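Commentary on secondary and tertiary structure
In case you want the letters, here they are:
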Amino acid sequence: MNRTARLYALVEELRAAAPRPLTIAALATRFEVSARTVQRDLQTLMQTGVPVRTTPGRGGGWSIDPTMTLPPIHLTAEEASALTAALAGAGASTPYAGAARTAAQKIVASTAGPASAAAQELAARIVTLPTRVDPAVRTAVEQALADSVALRLSYTDAAGHESDRVVEPAGLLAADGRWYLIAWCRTRRAGRGFRLDRITAAAPTGERTQPHDLTELLLGSAAADAVRPPALTALTTPPGNP
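Described below are features of the structure shown in this document. (Residues numbered from 1 in each chain as written. Predicted model: local features only at pLDDT ≥ 70, side-chain atom pairs only at ≥ 80, totals over all residues. Heavy atoms only, no water.)

Take the packing of helix α2 (residues 24-31) against helix α3 (residues 35-47) next. Any two packed helices are characterised by how steeply their axes cross, that is the angle between the axes, and by the distance between the axes. Remark: α2 packs on α3, axes separated minimally by 8 Å, with the N-to-C direction vectors making an angle of 105 degrees. Accordingly, the angle class assigned to the pair α2 and α3 is roughly perpendicular. Each of Ile24, Leu27 and Ala28 in α2 lies in contact with α3, whose residues at this interface are Ala35, Val38, Gln39 and Leu42. (Axes fitted to C-alpha atoms, helices over the stretch in contact; angles between N-to-C directions. Helix = DSSP H or I, 4+ residues; strand = E, 2+ residues; numbered from the N terminus. Parallel < 35°, antiparallel > 145°, perpendicular 65-115°, else oblique. Contact = heavy atoms within 4.5 Å.)

Next comes the structure, spelled out in structure tokens:
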């Protein structure tokens, strides 16, 4: 068993035993390698973000939080290439770009032979142009959406007017090569769309927010004017009408 296959097998072995920890000795016996090799593999998993942890003392060992990982997904070569291509198209300023990059690496690592080579070759042929989104702003928006907390924004609109406001994030909209944060604006008391590259600063308030209906906010947001054709057509057309 090569190292890549063993790393995945280690994760599944820990998942199967969870929440009971497994010792280094038990894992070494299971995979017919030295204890030192297992220790090195577990450290590698930790460094790549896999939620494995060690518990010292009697009855301790290594374990994994199964709620924080996904079971194996068996992809065809075409599916692996499609996902790798889509993830490779996420530029550095795209929301969740860091997670997209590591996910693409995992897809390539989990495939072998011609499928892996095809996925890597396709990814290498995709180029994304950089945008001006502040990485700190992108991270703050991602975290606010994940944690459902209000954000304090500094924003410059299309006319160059600057404002500070507190918003309740509801979702993200991608249209015409731009990303918008769709949120309930407490200043305007309405849904608004904020272009990510026009947000000059963003900081979480720590205040939890109630969920908002994303469709309703989109219909009343400033982003609707920015992307009038054709992104919101399906949302603005009444049922039964063309």
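Once that is clear, we can look at the environment of Gln210. By the element assignment, Gln210 lies in the loop between β7 (199-208) and α8 (214-219). Between the C-alpha atoms of Gln210 and Ser148, which are 62 residues apart in sequence, the distance is 7.5 Å.

Between its terminal C-alpha atoms α3 stretches 19 Å, which fits the 18 Å expected from 13 residues at 1.5 Å a residue. For α3, every residue scored as buried is listed here: Thr37, Val38, Asp41, Leu42 and Leu45. Projection of α3 onto a plane perpendicular to its axis shows the buried side chains occupying an angular sector of 135 degrees, all on one side. Those residues of α3 that are exposed and aimed more than 90 degrees away from the buried face are Arg36 and Gln47. Trailing α3 by a residue or two, Gly49 shows a phi angle of about 95 degrees, which is positive. (Expected span 1.5 Å × (residues − 1). Buried < 20%, exposed > 50% of the residue type's maximum accessible area, 1.4 Å probe, protein only. Arc of directions from axis to C-beta.)

Pairing between strand β1 (residues 52-55) and strand β2 (residues 61-64): four bridges, direction antiparallel. Bridge pairing in β2 links Arg53 to Ser63. Between β1 and β2, which pair antiparallel in sequence order, lie five residues; one of them, Gly57, sits at a positive phi of approximately 90 degrees. (Pairing = 2+ DSSP bridges.)

Right, let's talk about the sheet that holds strand β3 (residues 149-156) for a bit. Across the sheet, five strands lie side by side as β6-β5-β4-β3-β7; this open sheet has antiparallel pairing. For this open sheet the edge positions go to β6 (190-195) and β7, each flanked by a neighbour on one side alone. Taken pair by pair, the neighbouring strands of this sheet meet at an average axis angle of 45 degrees, ignoring direction. The sheet contact formed by β3 and β7 spans six bridges and is antiparallel. If you follow Ser154 over to β7, its bridge partner there is Ala201.

You can see Ala117 is positioned in helix α6 (residues 113-124). Spatially, the C-alpha atoms of Ala117 and Ser81 are 9.4 Å apart, while their sequence positions differ by 36 residues.

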